[in-house]
Amino acid sequence: MNTKTIKTSTQIRESTERISGSEAVIKCLLSEGVDILYGYPGGAIMPVYDELYKYQDQIHHVLTRHEQGATHAAQGYARISGKVGVAIATSGPGATNFVTGIADAQIDSTPIVCITGQVGSHLLGSDAFQETDIVGISTPITKWNHQITKASEIPEVFAKAFYIAKSGRPGPVLIDITKDAQFEEFDFCYKKCDGIRSYKPLPKIDLEKIQQAADLINTAKKPMIVWGQGVILGKAEEELKAVIEKSGIPSAWTILGASAIKTSHPLNIGMVGMHGNYAPNKLTNECDVLIAIGMRFDDRVTGNLDSYAKQAKIIHFEIDFAEVDKNVKTDIAVLGDAKNSLSLLLPLLKSNTHPSWYQKFKDLYAIEYEKVIKDDLHPTKVGLTMGEVLKEINIQSKGEAAIVTDVGQHQMIACRYAEFNQTKSNITSGGLGTMGFGLPAAIGAKMATPDRQVISISGDGGYQMTIQELGTIFQTKVAVKVVLLNNNFLGMVRQWQQLFFDKRYASTEMTNPDFVAIAKGYFLKAKKVTKREELKDAVAEMMKSKEAYFLEVCVEKEDNVFPMIPTGASVSEIRLE
């Protein structure tokens with residue numbers, strides 16, 4: 001007789017019972033502590049949804065309005081909680097609609113498990129209705145994937161999937177389950193995975209490399225740290241802070257590393273990269289030792305590799321050996337988990353300060369403030385700027401909000417100006433640059449942390465790519481705050497067209513709908529701001545709302561985001577105008 005009541009994960013693991021493959025899927029999820037998943041039903045996954053119906057009191061299923069929205073919501077959930085996000089969809093177009101979110105999770109190292117239904121195993125390869133080889137399609141963009149054709153495979157595959165997704169350098173895993181495997185019965189027993197013979201997620205730390213790194217840091221005259229998301233994924237925020245404070249090293253961050261250290265920390269000298277701060281970009285090519293921690297030297301950070309930090313000794317703290325020497329040749333590579341590596345490094349460091357070197361960062365910041373920041377945050381022009389919207393949000397959130405952004409100018413402005421007082425507060429699409437990421441990711445983030453203020457910030461282009469997820473907000477009553485910075489342009493592309501294509505604005509100006517009317521059509525509170533004097537009260541009303549809220553702010557149409565490193569240029573060629 002099947003047991004239909006589940007009390008604890010321990011009981012699940014110890015039990016052996018004859019059940020269907022679809023029920024086994026649910027029990028596997030419960031064993032892994034999954035209490036929420038995002039998805040969209042369809043024919044090939046319907047048996048699992050039928051079982052899910054029976055477990056509504058234990059797993060909350062969120063019906064997104066598009067399968068891509070499900071993957072981004074799972075990402076937002078994972079990024080802010082540190083847990084594995086889960087998304088589920090049917091075969092064919094349901095599965096292929098997962099692809100963008102999976103690719104985004106892969107390049108940004110986000111742990112999600114995606115479950116897809118598949119046609120019956122006897123139909124595989126026959127071009128059956130809604131058959132798509134999602135395993136073949138997703139192989140280049142997953143950490144691991146597997147197709148299940150027998151129900152008996154389900155427990156082991158699910159256990160491996162969750163282990164692989166969250167261990168070492170995290171990433172997405174896809175499980176494709178044929179429909180007959182979902183119906184088939186077998187004797188179920190679940191055991192969590194704690195290791196795979198051919199898979200070593202944590203490299204053994206070489207203590208000699210740690211000592212070499214410490215010796216180089218201790219003798220450096222102009223050292224600089226650049227940290228990335230590896231610090232957050234490795235829960236190494238306190239260790240990083242201790243290393244920075246003991247060594248006295250000016251420290252910058254990549255956009256995915258933002259919030260690991262408080263924005264206000266005196267040794268936090270800003271963001272590196274294409275639209276990063278002037279000082280850390282310029283001085284990358286003046287430092288004598290560059291310490292990279294949990295970052296991968298992607299092209300948006302380095303600019304022209306032929307002229308990137310050629311004068312510096314490079315120390316790279318990294319969990320993934322494939323990233324070492326991939327783009328930038330290192331002098332000392334310390335493989336390992338950031339938390340453990342920095343803990344071992346800390347006692348070997350000498351207490352130090354670098355006053356004259358640090359002063360260079362302050363001097364260059366002053367130049368950036370006069371040429372860029374002052375006009376962004378305290379504009380004299382008539383129209384509103386994106387920067388002053390972020391400033392008002394900072395004032396009213398006191399730096400405690402989680403900011404979830406789409407991709408474009410608003411993303412760079414948010415990363416530059418948002419104030420963060422706690423980690424896991426900047427959730428954005430980094431490596432893939434996915435327009436449409438922000439709204440569904442904010443839904444997942446808010447559901448993971450209902451007591452936090454979660455604010456989605458989008459531009460009018462990306463927002464319309466997943467605008468249908470307003471329906472998910474309405475149905476679930478999730479109290480996410482949605483801020484739309486509307487300039488009636490695909491702003492980042494328009495900026496490039498202005499600067500490099502003689503203002504030929506080809507297909508970038510947008511004729512937009514009535515966004516407030518659309519929000520109200522989904523029964524959301526909504527307001528539109530067109531004047532500076534309206535902004536403070538509108539943001540206050542949004543922040544005080546206990547429900548979801550949509551705020552459209554009309555900003556200057558042709559404002560640009562500076563500083564900027566042109567494509568192919570050196571970081572030291574960063575432009576202020």
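Scroll up to find the structure this text is about.
Residues numbered from 1 in each chain as written. Predicted model: local features only at pLDDT ≥ 70, side-chain atom pairs only at ≥ 80, totals over all residues. Heavy atoms only, no water.

(A) Seen up close, the sheet that holds strand 16 (residues 426-427). The six strands are arranged 16-15-17-18-20-19 in an open sheet whose pairing can be described as parallel. Edge positions in the sheet fall to strand 16 and strand 19 (525-529), since each has one partner strand and no second. Looking at chain direction, strand 15 (residues 402-405) and strand 17 (residues 454-459) are connected through four bridges and run parallel. Bridge pairing in strand 17 links T405 to I457. Helix 19 (residues 438-448) contacts strand 15, strand 16, strand 17 and strand 18 (481-486) of the sheet and is inclined by roughly 175 degrees relative to strand 17. (Pairing = 2+ DSSP bridges. Helix = DSSP H or I, 4+ residues; strand = E, 2+ residues; numbered from the N terminus. Contact = heavy atoms within 4.5 Å. Axes fitted to C-alpha atoms, helices over the stretch in contact; angles between N-to-C directions.)

(B) Looking closely at the pairing of strand 15. By the alternation rule, side chains of strand 15 split into A402 and V404 and I403 and T405, which are all buried. With helix 18 (residues 409-417) bridging strand 15 and the parallel strand 16, this β-α-β connection has right-handed handedness. (Buried < 20%, exposed > 50% of the residue type's maximum accessible area, 1.4 Å probe, protein only. Right-handed = clockwise from strand over helix to strand, strands pointing away.)

(C) A look at the sheet that holds strand 12 (residues 289-293). An order of 11-10-9-12-13-14 is seen for the six strands of this open sheet, with the pairing classed as parallel. Each edge of the open sheet is held by one strand with a lone partner, namely strand 11 (268-271) and strand 14 (332-335). Neighbouring strand axes in the sheet, compared pairwise and without regard to direction, differ in orientation by 20 degrees on average. Pairing analysis gives five bridges linking strand 9 (residues 223-227) to strand 12, with the strands arranged parallel. Looking at the pairing, M224 lines up with L290 of strand 12.

(D) Focus on the side chain of S429. Its place among the elements puts S429 in the loop between strand 16 and helix 19. The class of S429 is buried, set by a relative accessible area of 1%. At a separation of 2.9 Å, a polar atom in the side chain of S429 contacts the main-chain amide nitrogen of T434. Setting aside residues no more than four positions away along its own chain, S429 makes contact with D104, D108, T405, V407, Q411, T434 and F437. (Polar contact = N/O pair within 3.5 Å; in protein donor to acceptor, adjacent residues only side chain to side chain.)

(E) Geometry of helix 8 (residues 154-166). Under the 1.5 Å per step criterion, the end-to-end length of helix 8 is 19 Å for 13 residues, consistent within 8% with the ideal 18 Å. Counting buried residues in helix 8 gives ten out of 13 residues, a clear majority hidden from the surface. Looking one or two residues past helix 8, G168 carries a phi angle of roughly 55 degrees, positive in sign. (Expected span 1.5 Å × (residues − 1).)

(F) Structural context of the nonpolar core. Ranked by internal contacts, the top residues of the largest apolar core, which has 97 residues, are L290 and L345. The dominant element in this core, judged by the number of residues it contributes, is helix 16 (residues 355-377), at six residues. When neighbours within four sequence positions are excluded, L290 is seen to be in contact with M224, V226, T284, F297, Y308, A309, A312, K313, I314 and I315. In this structure, Y38, I141, L174 and V482 belong to the second largest nonpolar core, which totals 48 residues. (Core = buried A, V, L, I, M, F, W, Y, C linked by side-chain atoms within 4.5 Å.)

(G) View of the packing of aromatic side chains. Across all of its chains, the model carries eleven aromatic pairs by this definition. An angle of 15 degrees between the planes, with centres 6.4 Å apart, marks the rings of F188 and Y190 as stacked. For F188, a relative accessible area of 0% corresponds to the buried category. We classify Y190 as buried; its relative accessible area is 0%. Three or more aromatic residues joined by ring pairs form one cluster here, namely F186, F188 and Y190. One residue, R494, lies across the ring of F489, its end atom 5.7 Å from the ring centre. (Phe/Tyr/Trp six-rings, centres within 6.5 Å; stacked < 30°, edge-to-face > 60°. Lys NZ or Arg CZ within 6 Å of the ring centre and 35° of its normal.)

(H) Just the side chain of E469, in detail. Within the element layout of this structure, E469 appears in the loop between helix 20 (460-463) and helix 21 (470-476). The residues contacting E469, other than those within four sequence positions of it, are T64, R65, H66, G69, L439, P440 and I443.

(I) Representation of the pairing of strand 19 within the structure. Of the pairings in the sheet, the one linking strand 19 to strand 20 (residues 549-554) comprises five bridges and is parallel in character. Bridging across to strand 20, K527 finds its partner in L551. Each parallel crossover has a hand, and the one from strand 19 via helix 24 (residues 532-544) to strand 20 is right-handed.

(J) Focus on unusual backbone geometry. P563 follows F562 through a cis peptide bond whose omega is 0 degrees. Residue position: P563 is located in the segment after strand 20. Its identity as a non-glycine residue notwithstanding, D325 has a phi of 65 degrees, on the positive side. By the element assignment, D325 lies in the loop between strand 13 (313-318) and strand 14. Look at K477: it is not a glycine, yet its phi comes out positive at around 65 degrees.

(K) Looking closely at the pattern of salt bridges. For the structure on display, the rule yields 19 salt bridges. When the shortest N-O distance is used, the salt bridge between E323 and K326 registers 3.0 Å. You can call K326 partly exposed: its relative accessible area is 46%. In this structure, E509 engages K557 in a salt bridge whose closest nitrogen and oxygen atoms are separated by 2.7 Å. Residue E509 is located in the loop between helix 22 (491-500) and helix 23 (515-521), and its partner K557 is located in the segment after strand 20; the two are separated by 48 residues in the primary sequence. (Salt bridge = Lys/Arg side-chain N within 4 Å of Asp/Glu carboxyl O.)

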